[in-house]
Amino acid sequence: MTLQHSSDAKIEVIRQPQQLPCSYIDAKGREVQITEEMIQQACSELEQRLVKPAQQG
């Protein structure tokens, strides 16, 4: 019995927007789904506000 390995096999990954099982209630009392885009935007804003520590000596 031998195992055969094929380097011809290709795997294609297709990323699709995912519905996250999270939501929040806005100022008007509506339930709003939290999207990956919202999370990416929040992370980007936080990164821009990040204060980098001063380099020592």
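Residues numbered from 1 in each chain as written. Predicted model: local features only at pLDDT ≥ 70, side-chain atom pairs only at ≥ 80, totals over all residues. Heavy atoms only, no water.

Undergrad: Please clarify how the overall build of the protein should be interpreted in this entry.
TA: Within the protein, the regular secondary structure consists of one helix and two strands. Listing the helices and strands of the protein from first to last along the sequence gives β-β-α. Relative to its full complement of 57 residues, the protein shows a buried share of 2%. (Helix = DSSP H or I, 4+ residues; strand = E, 2+ residues; numbered from the N terminus. Buried < 20%, exposed > 50% of the residue type's maximum accessible area, 1.4 Å probe, protein only.)

Undergrad: Any chance you could explain the pattern of salt bridges here in plain terms?
TA: Pairs can form between side chains of opposite charge whenever their charged atoms are close. Scanning the entire structure with this criterion turns up one salt bridge. Between Arg 30 and Asp 26 there is a salt bridge whose closest N-O contact spans 2.9 Å. Overall, Arg 30 belongs to the partly exposed group, its relative accessible area being 48%. Overall, Asp 26 belongs to the buried group, its relative accessible area being 17%. (Salt bridge = Lys/Arg side-chain N within 4 Å of Asp/Glu carboxyl O.)

Undergrad: Which parts of the structure should I look at to understand the environment of Val 32?
TA: Relative to the helices and strands, Val 32 is located in strand S2 (residues 31–33). Separated by ten residues in sequence, Val 32 and Cys 22 have C-alpha atoms that sit 8.6 Å apart.

Undergrad: How should the side chain of Asp 26 be read in this particular structure?
TA: Following the sequence through the fold, Asp 26 ends up in the loop between strand S1 (23–25) and S2. Among the polar contacts listed, one links the side chain of Asp 26 to the backbone nitrogen of Lys 28, at a separation of 3.0 Å. (Polar contact = N/O pair within 3.5 Å; in protein donor to acceptor, adjacent residues only side chain to side chain.)

Bear in mind that shape data such as this cannot, by itself, settle questions of function.
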